[in-house]
Amino acid sequence: MTAQPTDSDVSGMWGDRLEKPADYADAGIPHYWRIEQNPVHVYAYDLVDGRYELAADSAEELIVTKPFDVRLPVRDITP
């Protein structure tokens, strides 16, 4: 038997997903990645003028240069 999320669990997850980037930006964290599942997709953001801007995204291979050069073979690390 699998536990199903309640409405408050789901709204909490979405709230975190929407609120955390703003908290990170307010703290001055210069780069932020978000990983989605089903299907797996990685999004990379850079902090620009107090807000995050999408720098790169991919379900195949994520390539970024900030804060350092990274080539993440998303397709190879997912089932």
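What counts as what
Every chain is numbered independently, its residues counted from 1 as its sequence is written. Per-residue local features are limited, in this predicted model, to residues with pLDDT of at least 70; the limit for side-chain atom pairs, both in listing and counting, is 80 or more; totals at the level of whole chains, interfaces and linings are taken over all residues. As a rule here, side-chain values come from all non-hydrogen atoms in the structure, and water together with hydrogens is ignored. Helix and strand definitions here come from DSSP, where helices need a minimum of 4 consecutive H or I residues and strands a minimum of 2 consecutive E residues; each element is numbered from the N-terminal end. A 1.4 Å probe rolled over the protein chains alone gives each residue an accessible area, and that area as a share of the maximum for its type sets the label: buried under 20%, exposed over 50%, partly exposed in between. For this analysis, residues touch if any pair of their heavy atoms sits within 4.5 Å. Where accessible areas are quoted, they stem from the Shrake-Rupley method and a 1.4 Å probe; at the residue level, only the protein chains shown are allowed to cover. Salt-bridge detection follows one rule: a side-chain nitrogen of Lys or Arg within 4 Å of a carboxyl oxygen of Asp or Glu. Pairs of strands are assigned from DSSP output, requiring at least two bridges between the strands. Under this scheme, a helix contributes an axis fitted over its contacting stretch, all axes are lines through C-alpha atoms, and angles between N-to-C directions fall in the 0 to 180 degree range. Confidence scores labelled pLDDT are given residue by residue by the predictor and lie between 0 and 100. Pairs were defined over the aromatic rings of Phe, Tyr and Trp, the Trp ring being its six-membered one, requiring ring centres within 6.5 Å. Orientation was assigned from the angle between planes: stacked under 30 degrees, edge-to-face over 60, tilted for the rest. Placement of a positive charge over a ring is assigned whenever Lys NZ or Arg CZ falls within 6 Å of the ring centre and within 35 degrees of the normal to the ring plane.

A. Main features of the overall build of the protein. Of the regular secondary structure elements, the protein holds two helices and five strands. The buried share of the protein, reckoned over its 79 residues, is 23%. The contacts of the protein with a sequence gap of at least 6 include a subset with a gap of at least 24, amounting to 16%. Accessible surface, the protein as shown: approximately 6,100 Å² in total, 53% of it carbon and sulfur.

B. Region of interest: the pattern of salt bridges. A complete count under the given rule lists two salt bridges for this structure. One salt bridge in this structure joins Arg34 and Glu36, with 2.5 Å as the shortest N-O distance. Since its relative accessible area comes to 17%, Arg34 is described here as buried. Residue classification places Glu36 among the partly exposed residues on the basis of a relative accessible area of 22%. With a closest N to O distance of 3.2 Å, Glu61 and Arg71 form a salt bridge. Of the two residues, Glu61 is situated in the loop between strand 3 (51-58) and strand 4 (62-64) and Arg71 in strand 5 (residues 70-72); the sequence distance between them amounts to 10 residues.

C. Examining the sheet that holds strand 2 (residues 41-48) more closely. Ordered by their spatial adjacency, three strands build an open sheet running 1-2-3, and the pairing between neighbours is antiparallel. Since the sheet does not close on itself, it has two edges, and those belong to strand 1 (31-36) and strand 3, each with one partner. In this sheet, neighbouring strand axes are inclined to one another by 25 degrees on average, regardless of whether the strands run parallel or antiparallel. As paired elements, strand 1 and strand 2 share six bridges and run antiparallel to each other. Pairing of Trp33 across the sheet is with Ala44, part of strand 2.

D. Molecular detail of the confidence of the model for the protein. The predicted model of the protein averages 83 in pLDDT, with 80% of residues at 70 or higher. Of the regions scoring below 50 in pLDDT, residues 1-11 engages in one contact with residues more than four places distant in sequence or in other chains.

E. Geometry of the packing of aromatic side chains. A full pass over the atoms with the stated rule returns three aromatic pairs. Summarising the aromatic geometry, the rings of Tyr24 and Tyr32 are spaced 5.2 Å apart at their centres and angled 55 degrees between planes, so their arrangement reads as tilted. Since its relative accessible area comes to 30%, Tyr24 is described here as partly exposed. Among the aromatic residues, those joined into a ring-pair cluster are Tyr24, Tyr32, Tyr45 and Tyr52. The ring of Tyr43 is capped by Arg34, whose NZ or CZ atom sits 4.2 Å from the centre of that ring.

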